[in-house]
Every structure is written in structure tokens, then in C-alpha cells.
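Overview (structure and organization)
One-letter residues, chain by chain:
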Amino acid sequence: MSRTVRTIALASAALALVALATPSQAASTTGALMLTHVRPNAAGADTRGGTQLNLNGEYFVIKNVTARTVNTGGYVPDSTTNTYGRALPSYNLPAGARAYVHTGSGRHYRDSSGVHHVYRGYARHVLLNTSTVKNPDLRLKKPGSLDNNTSAGSISSCNWNTAADGTTYSC
Ligand SMILES: [Ca+2]
Ligand SMILES: [Ca+2]
Ligand SMILES: [Ca+2]
């Protein structure tokens, strides 16, 4: 075995070990914020008589993985099936903290268990309940990125396929 072949073989063995040790659903990020969970299908009926219901029951969860406060303003959630992903509102998320990013309207706040809540202000549900065509279904992109359904600017992603009613999925 030549040195090159042996080096490649060792590298492959090391990669195989890493693959075994890493859960397939582990959330990850290359930036300051990470998508950790998603609830694409709000509990109960989504609409009734043309009225959108429980918009804030549809959400995703982000975590500040850094040791400093990060302002969420400008980060772009890009659903890969549409192009109306407005940037996140300005909100100071403390180091290590998590925030539920709700689809509907409300006043951003920190709840009694220390989890934060941020509101996107949509008047309709925006995360597909069934999304089996695209992978991932949602990307979080760094500020200044476009909602153009490509990976450009992506720091973290989430895929769910078919989302059951009122069920939260790990990213
Ligand atoms: Ca939905
Ligand atoms: Ca529902
Ligand atoms: Ca999109």
C-alpha cells in the first residue's frame, strides 16, 4: 500500500467513526444561530371559513450557540418552497438562549422558564405541513441573504417531510 493510499484509508476510517458517533438528525450551524426544532403544523385546524387559526402555534426554534448576545434582526428564514420569508425582527437573544419564532403577531418576550418568543407578523401560515419534495424545507441564512430557495448564505437547516398536527420535530 502506497503512503497516499494508506493515508486515504485511514482518513476514511476516521470519517466512518465520526459518522457513527453523530446522530443523523443532529442540528448544526456554521453561524451564531442554529435551527433546533420546528412545528410546521400548528395544533388543531389551520383555517376555518377562510380565517387562519392558531398562527402562533406554527413556529421554529433557534438557539444562540455563542457566548455573547446576538441580535436576531436581519437573519433570513428561507422556506425552500416559497419566497416570502421576511427577515427576523430585531431581538437581543442572550448567549446560549433559545427562542420560539412564531408565525403570527405578538410582543417579543422572555417567558418564566427563560425561553424567548419572537413574532414574525404573518397573517397566514407559512411553513408547509407536507413538504416531501425539497430537502431541506427551511434554511436559516445570515443577515443580508436573499429568500431565493438556494443554499447561499445558509448557516443552519431543517427538514420535516410530512408534519403531524401539533407535533414538534428536531432539526
Ligand atoms: Ca403549517
Ligand atoms: Ca394543524
Ligand atoms: Ca424561500
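Up top is the structure these notes are about.
Below you will find a few notes about this structure.

What counts and what doesn't
Here, residues in each chain are numbered from 1, in the same order as that chain's written sequence. To label them, take the chains in the order written and letter them from A, then take the ligands in the order written and number them from 1. This being a predicted model, a pLDDT of at least 70 is required before a residue's local features are given, and a value of 80 or more before pairs of side-chain atoms are given or counted; all residues contribute to the totals for chains, interfaces and linings. By convention the nonpolar core is taken to be a set of buried residues drawn from Ala, Val, Leu, Ile, Met, Phe, Trp, Tyr and Cys and joined through C-beta atoms within 7 Å. Burial in this document is a count-based property: other C-beta atoms within 10 Å of a residue's C-beta are tallied, and the residue is buried at 20 or more, exposed at 12 or fewer, or partly exposed in between, with C-beta positions derived from the backbone. Helix numbering and strand numbering both begin at the N terminus, where a helix is a DSSP run of H or I of at least 4 residues and a strand a DSSP run of E of at least 2. Our contact criterion uses C-beta atoms placed from the backbone: two residues qualify when those atoms are within 7 Å. For two strands to count as paired, DSSP must find a minimum of two bridges between them. Between N-to-C directions, angles span 0 to 180 degrees; the directions come from axes that are lines fitted to C-alpha atoms, helices contributing only their stretch in contact.

Quick word on the nonpolar core
The nonpolar side chains of soluble globular proteins are, as a tendency, buried together. Counting 26 residues, the largest nonpolar core has Leu35, Val38, Phe60, Ile62, Val101 and Cys158 as the members making the most contacts within it. Secondary-structure elements contributing two or more residues to this core are β1 (33–39), β4 (59–64), β8 (98–102), β10 (116–119) and β12 (138–141). Beyond its immediate sequence surroundings of up to four residues, Cys158 is in contact with Leu35, Val38, Phe60, Pro136, Asp137, Leu138 and Cys171.

Description of unusual backbone geometry
Backbone torsion omega between Asn135 and Pro136 reads 5 degrees, so that peptide bond is classified as cis. The residue Pro136 is located in the loop between β11 (130–131) and β12 in this model. Despite not being glycine, Asn54 shows a phi value in the positive range, around 50 degrees.

A closer look at the sheet that holds β10
In spatial order, the strands read β9-β10-β8-β4-β1-β15; together these six strands make up an open sheet with mixed pairing. The open sheet is flanked by β9 (109–110) and β15 (169–170), the only strands paired with a single partner. As defined by bridge partners, β4 adjoins β8 across five bridges and the pair is classed as antiparallel. Note that in β8 the partner of Ile62 across the bridge is Ala99.

Re the sheet that holds β12
Spatially, three strands are ordered β6-β12-β13 in an open sheet, and the strand pairing comes out antiparallel. Every interior strand has two partners, whereas the edge strands, β6 (76–79) and β13 (154–158), have only one. Neighbouring strand axes in the sheet, compared pairwise and without regard to direction, differ in orientation by 25 degrees on average. Relative to β12, β6 runs antiparallel, the two sharing four bridges. Across the sheet, the residue bridging to Asp78 is Arg139, located in β12.

A few points about the pairing of β4
Judged by how many residues are buried, β4 sits mostly within the fold: six of six residues are covered. Residues Tyr59, Val61 and Lys63 of β4 are buried on one face, and the alternating residues Phe60, Ile62 and Asn64, pointing to the opposite face, are buried as well. Taken together, the six bridges between β1 and β4 define a ladder with antiparallel strand orientation. Across the sheet, residue Leu33 finds its bridge partner in β4, namely Asn64.

Points about the environment of Val65
Tracing the sequence through the fold places Val65 in the loop between β4 and β5 (70–71). With residues up to four places along the chain from it excluded, the contact list for Val65 reads Thr29, Ala32 and Met34.

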